[in-house]
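Spelled out, the chains give:
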Amino acid sequence: MLVRSKYSGSSFSELLEVEFPHLRFESRLPQALASTGLATGQGPAGAPPIPHGTTVLALKYSGGVIAAGDRLATEGYRVASRDVQKVYTTDAHSLIAIAGAAGPCIEMAKLLRIELEHYEKIEGDSLELEGKANKLSQMIRANLPAAMQGLVVVPIFAGYDPRRRVGRLWKYDVTGGRYEEAEFEATGSGGLYARESLKKSWRPGASREEALRMAIGALMDAADEDRGTGGIDVQRGIYPTVSVCSASGIEEVAPTEIAEIHRQLLDQRRGAA
Amino acid sequence: MSLPFYVSPEQLMQDKAEYARKGIARGKSIVTLEYAGGVLLLAENPSTSLSKIGEIYDRLAFAGVGKFSEFDQLRKIGVRYADVKGYSYSREDVRAKSLANAYSQAIGEVFTREMKPLEVEIVVAEVGDDRLAGHENNAIYRVSYDGSISDHQGYCVIGGTVESLQAYLQANYRSSLPLGDAIKLGVAALERASNGEPKLGAQNLEACVLERQRPGRKFRRLSADELRGILSP
């Protein structure tokens, strides 16, 4: 039991650092990776590269913010998984969309969720949206040694700010640098193409439906140009993960609705050709 | 040469127990009730910011009576314990039984080793989840100042004057009550406490529920407006 705990603050990752250093995910990774070169795929002959998640994006709309991600994880040129989840709900009003080395990415999303929940329970009050974004910054910075060995985590953090009554989103770099974006952001291997697509389609004050079309259209464009981004898998019924965050909370968009938007976009593009 | 003053172990424990009981009796009572949709925790608490009831984990809640600083510390310890456990295993592995046992060990140890015992009595409540085979039932554990632990079905009362409350609940408690009726029953029981208010309004109550049907985190704090709506005739 933790009665004689050395740690008395309200951060979960600091609690792990002080009391349970063996549970921290970045603790022994860098040394292990440096000796094998596993992360960059240049390891000993036959050693598999580590799965990477590819394209995620977030954009603002009239009611808040929307985050979306494709479902593909790749190991070099191979498919590692077709139905990876890249958009995670971290609390009632925030989301994280992850791109980079799948293992540390998913771990960081999980850790951020626990971190926010932990703070809320210990303090009896939730962090400000800015505070949440800043906490993620520190977690990414702590991952820097692993990032230098190829285990890069570059998420997008998005949420609804109940104090300012707007949706907000941030992008990050490997050093934990945090940049608030005013309109939209996309990252990962197909991020460039998704961003180009959003640049053409995005407009301020879009409705939920319009914004969903922009998001799914951008993922389709990214999959079209980037081999690492998964297209919409109609055969297996695997659709992108799309979450809408507004004043009323987070809504995970149903696959049936995404399928319908996809169909409309296809019709529209066929017509245009 | 002066001899060290001898106190028999029985006397020592009795004194400590009496000291703890006195401290606890100064505080107001808390009622925990199973109702149709989950578990209700109801406290007489005029403060809106210093809570006696708190969320521990997805299906777990905590309530404490006695010295605020002591039971609030225990609550935080519980949150840390649960979050570390859920992080290293799975979220479903965080259960009330193991937490209540850990509390019992910790409180018991303080009672035997330290000069001053903890002046607290706590409840750990867990709501069942119908989607998890084997985890369908609710659980309510009570841990006392000396670390003694007991499990309860239907209802549980902690605090100084439990006998009159317990007698009232024993006579009037029915299983599968709707939330509104459960709150009214709980309030009627709390009004029987000898050191409490004779007539409790929404502003003097703290009410939290663990809702069975809620996805993910099942803990919810009822707002004063919601309580007023339920209590107004």
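For the structure itself, consult the block above.
Residues numbered from 1 in each chain as written. Chains lettered and ligands numbered in written order. Predicted model: local features only at pLDDT ≥ 70, side-chain atom pairs only at ≥ 80, totals over all residues. Heavy atoms only, no water.

> Would you mind showing me how to read the overall build of chain A here?
Scanning chain A from N- to C-terminus turns up eight helices and 14 strands. For chain A, the proportion of its 273 residues judged to be buried stands at 51%. Put simply, of all contacts in chain A between residues at least 6 apart along the chain, 63% involve residues at least 24 apart. Here chain A has roughly 12,400 Å² of accessible surface; of this, 50% comes from carbon and sulfur atoms. (Helix = DSSP H or I, 4+ residues; strand = E, 2+ residues; numbered from the N terminus. Buried < 20%, exposed > 50% of the residue type's maximum accessible area, 1.4 Å probe, protein only. Contact = heavy atoms within 4.5 Å. Areas by Shrake-Rupley, 256 points an atom, 1.4 Å probe, with all protein chains shown as cover.)

> Could you clarify how one ought to interpret the overall build of chain B in this entry?
When helices and strands are counted, chain B shows six helices and ten strands. For chain B, the C-alpha atoms occupy an extent of roughly 70 × 45 × 30 Å along the three principal directions. In chain B, which comprises 233 residues, the share counted as buried stands at 56%. Of the contacts formed within chain B by residues at least 6 apart in sequence, a portion of 66% connects residues at least 24 apart. In the form shown here, chain B has an accessible surface area of approximately 10,800 Å², with 51% of it arising from carbon and sulfur atoms. Between the averaged position of the 30 positive side-chain charges in chain B and that of its 30 negative side-chain charges there is a distance of 2 Å. (Lys, Arg positive; Asp, Glu negative; His and termini not counted. Charge placed at Lys NZ, Arg CZ, Asp CG, Glu CD.)

> Honestly, a nonpolar patch on the surface in this entry has me stumped. Any pointers?
Residues and elements named next belong to chain B. A cluster of nonpolar side chains, contributed by Phe5, Val7 and Leu12, occupies part of the molecular surface with about 330 Å² of accessible area. Its place among the elements puts Leu12 in helix α1 (residues 9-26). Residue Leu12 is classed as partly exposed on the basis of its relative accessible area of 40%. (Patch = residues over 30% accessible without salt bridge, like charges linked within 9 Å, V, L, I, M, F, W, Y side chains within 5 Å. Salt bridge = Lys/Arg side-chain N within 4 Å of Asp/Glu carboxyl O.)

> For this particular structure, what's the right way to read the sheet that holds strand β7 (residues 149-152) of chain B?
Residues and elements named next belong to chain B. If you trace the five strands from one edge of the open sheet to the other, you get β3-β4-β5-β6-β7, paired in antiparallel fashion. Of all strands in the sheet, those with a lone pairing partner are β3 (53-57) and β7, marking the two edges. Each neighbouring strand pair of the sheet contributes to a mean axis angle of 25°, computed without reference to strand direction. Examined bridge by bridge, strand β4 (residues 60-66) and strand β5 (residues 120-126) share seven bridges and lie antiparallel to one another. Bridging across to β5, Val65 finds its partner in Glu121. (Pairing = 2+ DSSP bridges. Axes fitted to C-alpha atoms, helices over the stretch in contact; angles between N-to-C directions.)

> What should I look at first to understand the packing of aromatic side chains in this one?
We describe a pair of aromatic rings using the distance from one ring centre to the other and the angle between the two ring planes. Summed over all chains, the structure comprises seven aromatic pairs over all chains. Their ring planes at 75° and their centres at 5.5 Å tell us that Phe12 of chain A and Tyr87 of chain B sit as a pair that is edge-to-face. Residue Phe12 of chain A is located in helix α1 (residues 12-19), and its partner Tyr87 of chain B is located in helix α2 (residues 68-88); the two belong to separate chains. Tyr87 of chain B shares its class with Phe12 of chain A; the two are buried. Judged by centre distance (6.1 Å) and plane angle (40°), the rings of Phe157 of chain A and Trp170 of chain A are tilted. Separated by 13 residues along the polypeptide, Phe157 of chain A in strand β9 (residues 156-161) and Trp170 of chain A in strand β10 (residues 166-172) bring together distant segments of the chain. Considered together, Phe157 of chain A and Trp170 of chain A belong to a single accessibility category, that of buried residues. Against the face of Phe111 of chain B rests Lys16 of chain B, its NZ or CZ located 5.8 Å from the ring centre. (Phe/Tyr/Trp six-rings, centres within 6.5 Å; stacked < 30°, edge-to-face > 60°. Lys NZ or Arg CZ within 6 Å of the ring centre and 35° of its normal.)

> Just checking my understanding: could you explain the pairing of β3 of chain B for this structure?
Walk down a regular strand and you will see the side chains alternate between the two sheet faces. Residue and element names in this part refer to chain B. Among the five residues of β3, five are classified as buried, and the element is accordingly described as predominantly covered. For β3 and β4, the ladder comprises four bridges, and the chain directions are antiparallel. If you follow Tyr57 over to β4, its bridge partner there is Leu60. The antiparallel hairpin formed by β3 and β4 contains two residues in its connecting segment.

> Would you mind showing me how to read the interface of chain A and chain B here?
Reports often express the size of an interface as the amount of accessible area lost when the parts come together. Of the residues lining the interface, 23 residues belong to chain A; the matching set on chain B comes to 21 residues. Taken together, both faces of the contact between chain A and chain B bury some 2,100 Å²; the carbon and sulfur share is 62%. On inspection of chain A and its partner chain B, the count reaches three salt bridges. Per-element tally for the side of chain A that touches chain B: the top contributor is helix α3 (residues 102-123) of chain A, with ten residues. Within the side of chain A that touches chain B, the residues separate by chemical class into 13 nonpolar, three polar and seven charged. (Buried area = accessible area lost by both parts, 1.4 Å probe. Nonpolar A, V, L, I, M, F, W, Y, C, P; charged D, E, K, R; others polar.)

> What should I look at first to understand empty space enclosed by the protein in this one?
Vacant regions in the atomic arrangement are exposed by a probe of water-molecule size rolled over the atoms. Residue and element names in this part refer to chain A. Summed over the entire model, instances satisfying the criterion amount to one cavity of 30 Å³ or more. A volume near 40 Å³ is recorded for the largest cavity. For the largest cavity, the full set of lining residues is Gly53, Val84, Lys86, Ile98, Ala99, Gly100, Ala101, Ala102, Cys105 and Ile106. Going through the elements one at a time, β8 (100-101) and α3 are the ones with two or more residues in the lining of the largest cavity. With three residues, α3 is the largest single contributor of residues to the lining of the largest cavity. Tallied by class, residues from the lining of the largest cavity come to seven nonpolar, two polar and one charged. (1 Å grid on protein atoms, 1.4 Å probe; cavity = no way out; pocket = protein on both sides within 12 Å on 5 of 7 lines; lining within 4 Å. Points joined across faces, edges and corners; volume = space filled by probe spheres on them.)

> Would you take a moment to explain the packing of α1 of chain A against α3 of chain A for this structure?
Relative orientation and spacing of two packed helices are given, respectively, by the angle between their axes and the distance between those axes. Residue and element names in this part refer to chain A. One way to put it is that α1 packs onto α3 with a least axis distance of 8 Å and a crossing angle of 100°. Between α1 and α3, the angle is such that the two are roughly perpendicular. Across the interface between the two elements, Phe12, Ser13, Leu15 and Leu16 from α1 touch Leu111, Ile114, Glu115 and His118 from α3. (Parallel < 35°, antiparallel > 145°, perpendicular 65-115°, else oblique.)

> Help me out: how do you make sense of the pattern of salt bridges in this one?
For the structure on display, the rule yields 45 salt bridges over all chains. Linking Lys121 of chain A and Glu117 of chain A is a salt bridge whose minimum nitrogen-to-oxygen distance equals 3.8 Å. Of this pair, Lys121 of chain A and Glu117 of chain A are both found in helix α3, four residues apart, which corresponds to roughly one turn of the helix. Each member of the pair, Lys121 of chain A as well as Glu117 of chain A, carries the same accessibility label: buried. Between Arg212 of chain B and Asp130 of chain B there is a salt bridge, and its shortest N-O distance comes to 2.7 Å. With a gap of 82 residues between them, Arg212 of chain B in the loop between β9 (205-211) and β10 (219-221) and Asp130 of chain B in the loop between β5 and β6 (139-143) connect regions that are remote in the sequence. Note on Arg212 of chain B: relative accessible area 14%, which makes it buried.

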